[in-house]
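A structural walkthrough
The residues making up each chain are set out below.
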Amino acid sequence: MKKNHNLLLAFILVLSSSLTAQKFEGLAKTPPMGWNSWNKFACNVSEKLIKETADAMVATGMQDVGYEYIVIDDCWQIGRDSLGFIVADPERFPSGIKALADYIHSKGLKFGIYSCAGDKTCGGRPGSRGYEYQDALMYAKWGVDYLKYDWCFTENLSGKGAYITMSKALKQAGRPIVFSLCEWGDNKPWLWAKEVGHLWRTTGDIYNCYDCIEDHGTWKSFGVMQILDKQDGLRQYAGPGHWNDPDMMQVGNGMSFNQERAHFTMWAMLAAPLISGNDLRSMSQQTLSVLTNREVIAINQDTLGIQGLKTAVTDSVETWLKPLADGSWALVYLNRSKSPKSITVDWKSFKVFDELSARTFDTTSKDVFIIRDLWLKKEIGDTRKPLQATIGVEDVLCLKITKKPVKSRK
Ligand code: GLA
């Protein structure tokens, strides 16, 4: 009887350990920051491009403000060798992936790669299905720090199961690798992926437009505003080490200055991974100034890790709040319309309770709060009188609201 009991216990233990995932803890405590090749270059990737991008990330000062991961997306792989190991395209990556990873590490940056849970990647290259442990081992040997794992050609696969398999394979391989789930929100990863990976895509692909939907026939991709709207109801699932991912940024791929600023600000408010998707080697000063705004980045990288919330919409202007670790708040007004909008903020009646952080934004008391404009990069007054501002077409007003310290009398 005792023996049977022990056997049963062992069986339950084995079963439960195979059902719980084992992601690497302690990674992505704040949303990952970096660059990914897909939005700008699609399948046109090469070792030359990746090295030049790493050089540019350092030379432009992006590294100094926190960008860290250089991720090659689809189409680096060409086949498998006779033992089943994944093989990089020798024409595009003549020095091999290990040498490329070493180069990126030599710059003080981290290296990311892409694969897919299916038989093939979305670009038709070999996927990891059936090769998960072997691929994870290879990534660890190469010095990979980040894996984006896609969801094409996955007929009859369970979403949760497939991502748990790769999560375990990465853990077994022994190298701490940030695991980025990319199944477009199909299986509601926010409900189960907290222990599986460090970030999960919440939607289909971002399209290079600010406000549109692109219909590809069998699938659709979405503009910045459409992706933003799809984040509704997801904020309680994000936090340090496990983020909602509204996809890589399109900043620098042709939008107006206002749109770039709004896109970047909203990704900061969403506590989204800040993965740039433009050509870092040739971007304009304008784009660089958006991508490297330290004060907006600080909102995104805030250690409290609470995703922002939309608290009101008035005449096409949305109000967003994000509580910050030091007790202050980020407050953003997003003008969704095609004409400038004037707003008046009446601090005397501005009080909002955020259930998630259990904190109240409250400027109705006699405390005085300092208002800092994070794009003007200066203080613009305090909450003793109403704020009047005009927000440009498809632009934002991005503020930090901090309680003014009370001077102690000697
Ligand atoms: C999917 C992903 C994209 C990109 C491509 C590559 O569409 O969602 O982000 O990785 O595949 O083929």
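In case you missed it, the structure is sitting above this.
Residues numbered from 1 in each chain as written. Predicted model: local features only at pLDDT ≥ 70, side-chain atom pairs only at ≥ 80, totals over all residues. Heavy atoms only, no water.

Turning to the site of the ligand, a few remarks are in order. As a matter of local geometry, the ligand sits amid 13 residues, with Asp 73, Asp 74, Lys 148, Asp 150 and Asp 205 nearest to it. Between an oxygen atom of the ligand and a side-chain N or O atom of Asp 74, the distance comes to 2.8 Å. Computed on the free molecule, the ligand has an accessible area of 310 Å², of which 94% lies beneath the protein chains in the complex. (Near = heavy atom within 4 Å. Polar contact = N/O pair within 3.5 Å; in protein donor to acceptor, adjacent residues only side chain to side chain. Areas by Shrake-Rupley, 256 points an atom, 1.4 Å probe, with all protein chains shown as cover.)

The strand order across the open sheet formed by six strands is E13-E14-E15-E22-E19-E20, and the pairing between neighbours is antiparallel. Both outer strands of the open sheet, strand E13 (309-314) and strand E20 (378-382), are each paired with one neighbouring strand and no more. Recorded for the sheet is a direction-independent mean angle of 25 degrees between the axes of neighbouring strands. Direction of pairing for strand E19 (residues 369-373) relative to E20: antiparallel, over a ladder of four bridges. (Pairing = 2+ DSSP bridges. Helix = DSSP H or I, 4+ residues; strand = E, 2+ residues; numbered from the N terminus. Axes fitted to C-alpha atoms, helices over the stretch in contact; angles between N-to-C directions.)

What follows is about the state of the cysteines. Enumeration over the complete set of coordinates arrives at three disulfides. Between Cys 43 and Cys 75 runs a disulfide, and the two sulfur atoms are separated by 1.7 Å. Taken together, the positions of Cys 43 in the loop between helix H2 (38-41) and helix H3 (47-59) and Cys 75 in the loop between strand E2 (69-71) and strand E3 (77-80) put the pair 32 residues apart, joining distant regions of the chain. With a relative accessible area of 29%, Cys 43 lands in the partly exposed category. The residue that forms a disulfide with Cys 209 is Cys 212, at a sulfur-sulfur distance of 2.0 Å. The disulfide joining Cys 209 to Cys 212 has a torsion of about -100 degrees about its S-S bond and is therefore left-handed. With relative accessibility at 22%, the residue Cys 212 sits in the partly exposed group. Disulfide connectivity for the protein chain, with bonded cysteines indexed by sequence position, reads 1-2, 3-4, 5-6. Here Cys 116 is not disulfide-linked; the sulfur of Cys 122 is the nearest cysteine sulfur, at 5.0 Å. There is no disulfide at Cys 182, and the cysteine sulfur nearest it, in Cys 122, is 6.9 Å away. Accessibility expressed as a relative area gives 2% for Cys 182, which makes it buried. (Disulfide = S-S within 2.5 Å. Buried < 20%, exposed > 50% of the residue type's maximum accessible area, 1.4 Å probe, protein only.)

Attention now moves to the packing of H3 against helix H4 (residues 97-106). Look at H3 against H4: their axes get within 10 Å of each other, and the N-to-C directions meet at 10 degrees. Considering the angle they form, H3 stands roughly parallel to H4. From H3, Glu 47, Ile 50, Lys 51, Ala 54 and Asp 55 reach across to H4, where they touch Leu 100, Tyr 103 and Ile 104. When the residues that make up the contact of H3 with H4 are grouped by side-chain class, the tally is five nonpolar, no polar and three charged. (Parallel < 35°, antiparallel > 145°, perpendicular 65-115°, else oblique. Contact = heavy atoms within 4.5 Å. Nonpolar A, V, L, I, M, F, W, Y, C, P; charged D, E, K, R; others polar.)

A few words now on the pairing of strand E22 (residues 396-403). Pairing between strand E15 (residues 329-335) and E22: six bridges, direction antiparallel. Bridge pairing in E22 links Trp 329 to Ile 401. Sheet topology places E19 next to E22; five bridges connect them, and they run antiparallel. What sits directly across from Arg 372, in E22, is Lys 400.

Another point: the packing of helix H5 (residues 132-142) against helix H6 (residues 159-173). As a packed pair, H5 and H6 sit with axes 8 Å apart at the nearest point and diverge in direction by 45 degrees. It follows that H5 is oblique to H6 by the angle criterion. The interaxial crossing formed by H5 with H6 has right-handed handedness. Contacts from Glu 132, Tyr 133, Asp 135, Ala 136, Leu 137, Tyr 139 and Ala 140 in H5 reach Thr 165, Met 166, Lys 168, Ala 169, Leu 170, Gln 172 and Ala 173 in H6. (Left-handed = near helix turned anticlockwise from the far one by under 90°.)

The next subject is the pattern of salt bridges. Charged atoms that come close allow side chains of opposite charge to pair. One pass over the structure, following the stated rule, counts 24 salt bridges. Notably, a salt bridge pairs Glu 52 with Lys 48, separated by 3.0 Å at the nearest N-O pair. Of this pair, Glu 52 and Lys 48 both sit in helix H3, four residues apart, which is roughly one turn of the helix. Its relative accessible area of 54% is what places Lys 48 among the exposed residues. (Salt bridge = Lys/Arg side-chain N within 4 Å of Asp/Glu carboxyl O.)

What follows concerns unusual backbone geometry. Unlike most non-glycine residues, Asn 156 shows phi in positive territory, near 65 degrees. Topologically, Asn 156 is positioned in the loop between strand E6 (146-150) and H6. Its identity as a non-glycine residue notwithstanding, Lys 377 has a phi of 60 degrees, on the positive side. The residue Lys 377 is located in the loop between E19 and E20 in this model.

Here eight strands make up an open sheet; going across it, the order is E11-E8-E7-E6-E5-E2-E1-E12 and the pairing parallel. Strands with a single pairing partner mark the edges of an open sheet, and in this sheet they are strand E11 (243-245) and strand E12 (274-276). Across this sheet, the average inter-strand angle for adjacent strands is 25 degrees, counted without regard to direction.

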